[in-house]
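Results of the structural survey
Residue-level listing of the chains:
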Number of protein chains: 2
Amino acid sequence: MTKIKDTTEEKILNAAKEVFMKYGLYGARMQDIADIAKINKALLHYYFRSKEKLFDQVFSGALHKYFQQMDVFSDASLPIKERLFKYVDNIFVFLEEYPQMSMFIIKEIGINPDLFKDRVEAIKKNKGVNLIKILDEEIARGNIKKIDTALFWINMHSLCSYPFLAAPLFKHGLKAHHKEWSDYSPVKIKQSVKQFIEKTLSV
Amino acid sequence: MTKIKDTTEEKILNAAKEVFMKYGLYGARMQDIADIAKINKALLHYYFRSKEKLFDQVFSGALHKYFQQMDVFSDASLPIKERLFKYVDNIFVFLEEYPQMSMFIIKEIGINPDLFKDRVEAIKKNKGVNLIKILDEEIARGNIKKIDTALFWINMHSLCSYPFLAAPLFKHGLKAHHKEWSDYSPVKIKQSVKQFIEKTLSV
DNA sequence: AAGTGATATAACCAAATGGTTAAACCAAAG
DNA sequence: CTTTGGTTTAACCATTTGGTTATATCACTT
């Protein structure tokens, strides 16, 4: 499936990703990371000088992947709705692989806002695509309904992300109603997100 | 605003709530809790035997408040849409006071699923209201559109909760578009949730 | 004023944690 | 075979962490 180089460095990074995502910077234990990577704890410091440095690498990678999904918006050749649908597809692929990542990013930013300011500026400049601006332009051209684009953006993301974040809750909640989470995620949810987009944007 | 008894026990619980919500069980430090409560660390153990016990109290309280919102559904005298609107109002009041709580619950359940199984069963039995079942009944009576009720439930919660969870992200993201988070949350978001309910359920 | 029980604190302890070091391993080059 | 370089490990260290204890303080009763 995914490429596995299996170098020591990658084993560490994968283990660190797992542990940091679950417990956050403060809650994570270097020994746990070493155990999962099946290496000696000292190797962590050999490859990444400190816990903070290792965390920084993991967090940067997460943030990069998170914003990478927006690349599809650069493709101005596609009609806006197609781009949005493709974006939703991207998000779902991403969320299925890293269901915890958006929460990880949100949590760590909440704890240490500085992590964000520095890094995001760099990413933003690299991409240079202004998603809400694009939607506003489409409205000006009359291609979509006249809506509050920022609000639409928030709502669309909510519909996509929250089901994955809250999966532990929903899994249990649905079972109480003799329904299975697997029947809902991700196929049906993706459908209903696209429905929401369709209904909200159609003139 | 909220009643403040200001007993030592409450000071500790409030401090613990703050720290546990931010850092989780593993990430939280007893000394931090003591500092915020402005008491000696030993007092923590005097009132609550251990870190786990203190956490348990905080977590139980959070879970209780979280599910308490659903009480409005017991009031069968109101038409279903009124009940849903009232429920949304409740959620927003709750989320404005405890924006981190749903993430706290979700995170801790993800780490330690056992916490959930034991406690939720008790809560569920106390309430005895089956929300999705109520919606299904309303469909049978022809009061609302024939929809997938569980999916509707998930979507509605997503629209309510995620904006609060992801506030740190949105705050920053909106500023980049010269818009302010305060212009969107919570008034406009609540409106659009109710719009979503209206559109989705109307026959 | 003296006694009493609950409340609070400083000082302490053992275990865990992030981090270091010196020595061992091991593949490739000479 | 020996050397050389990067890689890996066991043993260790200083600090932090959750938790305990002995002592002090305070509110209240007698």
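Anything mentioned here points back to the structure above.
One structure accompanies this document, and this report is about it. Because the structure is predicted, anything quoted here is derived from the model rather than measured. (Residues numbered from 1 in each chain as written. Chains lettered and ligands numbered in written order. Predicted model: local features only at pLDDT ≥ 70, side-chain atom pairs only at ≥ 80, totals over all residues. Heavy atoms only, no water.)

Digging into the protein's contact with DNA strand C
Operational definition: Proximity is defined per residue: if any heavy atom of the residue lies within 4 Å of a molecule or strand, that residue is considered near it. As used in this structure description, the phrase polar contact means that two N or O atoms lie within 3.5 Å; if the pair is within protein, one of them must be able to donate a hydrogen and the other to accept it, and residues adjacent in sequence are counted only when both atoms belong to side chains. Here a strand is any run of E in DSSP of at least two residues, a helix any run of H or I of at least four, and the numbering for each starts at the N terminus. Note on residue classes: Ala, Val, Leu, Ile, Met, Phe, Trp, Tyr, Cys and Pro are nonpolar, Asp, Glu, Lys and Arg are charged, and everything else, Gly too, is polar.
For DNA strand C, the set of nearby residues contains 15 residues, the closest of which are Met-30, Lys-41 and Lys-51 of chain A together with Thr-8 and Tyr-47 of chain B. Take Asn-40 of chain B: an N or O atom from its main chain is 3.1 Å from a phosphate oxygen of DNA strand C. Between DNA strand C and the protein, one listed contact pairs a phosphate oxygen with a side-chain N or O atom of Tyr-47 of chain B at 2.8 Å. The element contributing the most residues to the surface near DNA strand C is helix α3 (residues 41–47) of chain B, with four residues. Tallied by class, residues from the surface near DNA strand C come to eight nonpolar, four polar and three charged.

Observations concerning the relation of the copies chain A and chain B
The following threshold applies: Here the copies were fitted onto each other by least squares, based on C-alpha atoms from residues at pLDDT of at least 70 in both. The contact definition used throughout considers only heavy atoms, calling two residues in contact when any of these lie within 4.5 Å.
For the pair chain A and chain B, the best superposition has an RMSD of 0.1 Å and corresponds to a rotation of 180° with a translation of 0.0 Å parallel to the axis. Those values place the two copies in the arrangement expected of a two-fold rotation axis. Considering only C-alpha atoms, the part of chain A nearest the rotation axis is Gly-27 of chain A, at 1.8 Å. Looking at the interface residues of chain A, 100% of them are also at the interface in chain B, so both copies use one shared face.

Here's the deal with the protein's contact with DNA strand D
Surrounding DNA strand D, one finds 16 residues, the nearest of these being Thr-8 and Tyr-47 of chain A together with Met-30, Lys-41 and Lys-51 of chain B. Of what DNA strand D places within 4 Å of the protein, 56% of the atoms are sugar or phosphate. Measuring from a phosphate oxygen of DNA strand D, one finds a backbone N or O atom of Met-30 of chain B at 2.9 Å. One of the backbone nitrogen or oxygen atoms of Lys-51 of chain B is found 2.7 Å away from a phosphate oxygen of DNA strand D. Sorting the residues of the surface near DNA strand D by element identifies α3 (41–47) of chain A together with α2 (30–37) and α3 of chain B as the ones contributing at least two each. The element contributing the most residues to the surface near DNA strand D is α3 of chain A, with four residues. Here the surface near DNA strand D is composed, by residue class, of eight nonpolar, five polar and three charged.

Thoughts on the packing of helix α4 (residues 51–68) of chain A against helix α6 (residues 101–111) of chain A
Residues and elements named next belong to chain A. This is how the line gets drawn: Only the stretch in contact is used when a helix axis is fitted, and all axes are lines through C-alpha atoms; the angle between N-to-C directions ranges over 0 to 180 degrees. Note on terminology: angles under 35 degrees are roughly parallel, angles over 145 are roughly antiparallel, angles of 65 to 115 are roughly perpendicular, and the others are oblique. In a left-handed crossing the near helix is turned counterclockwise from the far helix by less than a right angle, and in a right-handed crossing that turn is clockwise.
Interaxial distance between α4 and α6 falls to 10 Å at its minimum, and their mutual angle equals 120°. When the axis of α4 is compared with that of α6, the two are oblique. Between α4 and α6 lies a crossing whose hand is left-handed. When α4 is examined against α6, the residues Phe-55, Val-58, Phe-59, Ala-62, Leu-63 and Tyr-66 are found in contact with a partner set consisting of Met-101, Ser-102, Phe-104, Ile-105, Glu-108 and Ile-109. The class makeup of the residues in the contact of α4 with α6 is 10 nonpolar, one polar and one charged.

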